[in-house]
Amino acid sequence: MNEAAITLDGWYVLHDFRSMDWVAWKMLDDEERQFAIDEFNMFMEKVNQADENKTGAHALYSIIGQKADLMLMLLRETMDELRELETEYNKLTLIAYTVPTYSYVSVVELSNYLSGESNEDPYQNPHVRSRLYPELQRSQYICFYPMDKRREGNDNWYMLPMQERKDLMLSHGKIGRSYAGKVKQIISGSVGFDDYEWGVTLFAEDVLQFKKLVYEMRFDEVSARYGEFGSFYVGTILDKEKTIKFLEV
Ligand code: VOV
């Protein structure tokens, strides 16, 4: 049997996408709308406590295009915490004025393709920990998409020997590293959790860097031969002020 990569698994991740029901939202009177905004801000402050305590992280973005208006990305230590927060979010007054459009469930993942032999416990390594339990910088832009590695005929990633996959991932990593300081990636595994095998979440200050990186990777064998992609979502950050502006009628 072919050798599976060994994964290190960090925080569980929920990407939650909603579209605003502007017609219904506009029909509220000012007081009701203000209540919904205040309640939403309180929820976001609560969510942010985990970021401050380093027991989780979150990102709130406004999605461009018709696939969604809001994207909340939540990272927590357990799937149960995610489930609880999701329920709390669903019960918010504001969220009653949205329509769910997509969601993605995964866990932050690092594979051993490029890690050397070592006797240390990787979960104690500060660099590894910062990748598995990432602090989210408030980057201006986010890009999310789910993906698979192809399993078709001669192009079957899962039939490649370990060494061949390592060589291919080396080239992938090289391209990725040339975007250091421009694009930060969080790869989360979703085999057994959701419809694709990975969620790819990218953060950048310059939105064009997403296009440049994703395009360059398309020519790299891992993506060119084996990559299969779901829908792409691109968004711009919503801080408290921008949220208020976004919800203004
Ligand atoms: C922003 C830059 C960037 C960098 C530096 C980077 C580096 C690396 C390294 C070193 C490794 C392997 C070890 C690990 O960390 O797991 C990976 C792993 C992975 N990647 Fe990556 N990737 C990036 C970026 C990056 C992008 C833009 C994509 C989407 C591909 C595309 O065509 O749209 C991607 C995908 C993945 C996936 C799905 C995996 C898991 C593959 C598996 O089979 O397990 N990735 N990636």
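About the cut-offs
Residues numbered from 1 in each chain as written. Predicted model: local features only at pLDDT ≥ 70, side-chain atom pairs only at ≥ 80, totals over all residues. Heavy atoms only, no water. UniProt positions renumbered as here; feature names shortened; annotations may be inferred. Donors = N, O, S within 2.8 Å, 3.2 Å for Na, K, Ca; no water. Helix = DSSP H or I, 4+ residues; strand = E, 2+ residues; numbered from the N terminus. Core = buried A, V, L, I, M, F, W, Y, C linked by side-chain atoms within 4.5 Å. Buried < 20%, exposed > 50% of the residue type's maximum accessible area, 1.4 Å probe, protein only. Contact = heavy atoms within 4.5 Å.

As annotated in an unreviewed UniProt entry, the protein chain is Coproheme decarboxylase from Planococcus rifietoensis. Entered under Sequence similarities (unreviewed entry) in the UniProt record, the comment concerning the protein chain runs "Belongs to the ChdC family. Type 1 subfamily." Word for word, the UniProt comment on the protein chain under Pathway (unreviewed entry) is "Porphyrin-containing compound metabolism; protoheme biosynthesis."

Novice: Pulling in residues and values, what's your account of the coordination of the iron atom of the ligand?
Specialist: Looking at the protein side alone, the iron atom of the ligand has one donor only, H172 (NE2), at 2.1 Å. Position of H172 relative to the elements: it lies in helix α5 (residues 162–177).

Novice: Before we move on, could you go through the nonpolar core and cite the residues and values that matter?
Specialist: Residues W25, F43, Y89 and L94 are the most contacted members of the largest nonpolar core, which totals 25 residues. Within the residue set of this core, elements represented by two or more residues are β1 (7–20), α1 (22–27), α2 (30–53), β3 (70–76), α3 (79–90) and α8 (240–247). At 6 residues, the largest contribution of residues to this core is made by α2. Sequence-distant contacts of W25, defined by excluding residues within four places in its chain, comprise M20, R33, A36, I37, L94, Y97, L247 and V249. With 20 residues, the next largest nonpolar core counts A57, A68, Y104 and F203 among its residues.

Novice: Quick rundown of the UniProt feature "coiled-coil region" (unreviewed entry) in the protein chain? Include the residues and the values.
Specialist: In the UniProt entry, the feature "coiled-coil region" (unreviewed entry) is given for residues 68–95. Along residues 68–95, the helical share is 43% and the strand share 25%, with 13 Å between the first and last C-alpha atoms.

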